[in-house]
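Descriptive analysis of the structure
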Amino acid sequence: MTDPSDHGSTAHQDDMRRGFLFKFSAALVGGLSAIIPVAFGGGFFLTPLLKKKKGGEDGDSFLMVGSTDSLTPGGPPRAFRVSGTKTDAWTTYAEAAIGSVYVSMNEAGNLSAFNATCPHLGCTVNYKADANSYICPCHDSAFKPDGERTNDIPPRPMDSLEVEIRNNTEVWVKFQNFRAGTSEKIPV
C-alpha cells in the first residue's frame, strides 16, 4: 500500500524538476542568443587591432615609386609620390597616396632615399636647388643633401629609407613613416 502523502510529495518533486529544466533551458537559449551577436560585434570592432600590416607588391614592404631614367647621376634629388594600399581602421583604399620621398643618384649610380616628411612636426620638406638643401616651409628646418640637419630646429636628420633598383630601371623604396618631434627614429 502506498501512502497518499508520498504521492503528493513525488508529484511536487516532479513539478520542481520540470521547472528547473525549463528555467535552465531558457537561460541556455537566452545566453547563447546574447553571446553570438556580442562575439561577432566584438570581432568586427577589434578587427583593426588584430589585422597585420601588409607589405608591398612582393610582401617585402618595398613600393615602386618611379624610374632611374628620371634621375641624373650626381644631380639633384627628385621627389616621387608613393602610392599603396592605405588602411584606415575598417576601410582599405587601393592605390592611395601614402606619402612622398626624395630619391637621388650619386656619380657611381647608387641611390639614396629620404622620407619627405619633416621629423620636426610632420610638414612636407621641399628641396631648394639654389641652396642645395632641403627646407621645411613650416618652421625652417633645414637639411643637407645627405639628410643631415643644418640647424637645431629638427630633432634628428631626415629619415632615410631603403631603396633599390629592380628590373634595371625601376626604383623601389621601402616606405615607412616615423614619429615626428622625437630625436629617435620610431616607426609608426
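Residues numbered from 1 in each chain as written. Predicted model: local features only at pLDDT ≥ 70, side-chain atom pairs only at ≥ 80, totals over all residues. Heavy atoms only, no water.

1. Quick look at the UniProt feature "domain: Rieske" (unreviewed entry) in the chain
Here is the rule we go by: UniProt positions are given in the numbering used here, feature names are shortened, and annotations may be inferred rather than shown by experiment. Each helix corresponds to a stretch of at least 4 residues labelled H or I by DSSP, and each strand to a stretch of at least 2 residues labelled E; elements are numbered beginning at the N terminus.
Taken from the UniProt record, the annotation "domain: Rieske" (unreviewed entry) applies to residues 100–172. The span residues 100–172 is 0% helix and 38% strand, and its two end C-alpha atoms sit 13 Å from each other.

2. Here's the deal with the packing of aromatic side chains
Put simply, the test is: When the centres of two rings from Phe, Tyr and Trp lie within 6.5 Å, Trp using its six-membered ring, the rings pair. Their planes under 30 degrees apart give stacked, over 60 give edge-to-face, and anything left gives tilted. The buried label applies to any residue whose accessible area, calculated with a 1.4 Å probe on protein chains only, is under 20% of its type's maximum; exposed applies above 50%, and partly exposed to all values in between.
For the coordinates displayed, the defined rule picks out seven aromatic pairs. Ring geometry for Phe44 versus Phe45: centroids 5.4 Å apart, planes at 75 degrees, classification edge-to-face. Here the aromatic rings of Tyr127 and Tyr134 are separated by 5.3 Å at their centres, their planes lie at 65 degrees, and the arrangement is edge-to-face. This pair shows no difference in class: Tyr127 is buried, exactly as Tyr134 is. A network of ring pairs unites the aromatic residues Tyr102, Phe114, Tyr127 and Tyr134 as a single cluster.

3. What about the UniProt feature "transmembrane region" (unreviewed entry) in the chain?
Taken from the UniProt record, the annotation "transmembrane region" (unreviewed entry) applies to residues 20–46. Between the C-alpha atoms that bound residues 20–46 there is a distance of 38 Å. The span itself is 100% helix and 0% strand.

4. Focus: the sheet that holds strand E4 (residues 111–115)
Let me state the cut-off plainly: At least two bridges found by DSSP between two strands is the condition for calling them paired.
The strand order across the open sheet formed by four strands is E2-E3-E4-E8, and the pairing between neighbours is antiparallel. In the strand order of this sheet, the two ends are held by strand E2 (78–88) and strand E8 (160–161), each with one partner. By the bridge criterion, five bridges tie strand E3 (residues 91–105) to E4 in an arrangement that is antiparallel. Within E4, the position partnered with Met105 by the bridge is Leu111.

5. Some points on the domain arrangement of the chain
Here is the rule we go by: Domain segmentation is taken from an automatic or database assignment of domains. The criterion used for residue contact is that any of the two residues' heavy atoms lie within 4.5 Å. Buried area counts how much accessible surface, traced with a 1.4 Å probe, disappears from two parts once they are put together, with both parts' losses summed.
When its domains are assigned, the chain resolves into domain 1 (1–51) and domain 2 (62–174). Of note, the centres of domain 1 and domain 2, computed from C-alpha atoms alone, are 63 Å apart. In this assembly, four residues from domain 1 lie in contact with four residues from domain 2. When domain 1 packs against domain 2, close to 320 Å² is buried across both sides, 65% of that on carbon and sulfur atoms.

6. Examining the sheet that holds strand E5 (residues 126–128)
The antiparallel open sheet is built from three strands, whose spatial order is E5-E6-E7. Each edge of the open sheet is held by one strand with a lone partner, namely E5 and strand E7 (142–143). As paired elements, E5 and strand E6 (residues 133–135) share three bridges and run antiparallel to each other. When the sheet's bridge partners are listed, Asn126 is paired in E6 with Ile135.

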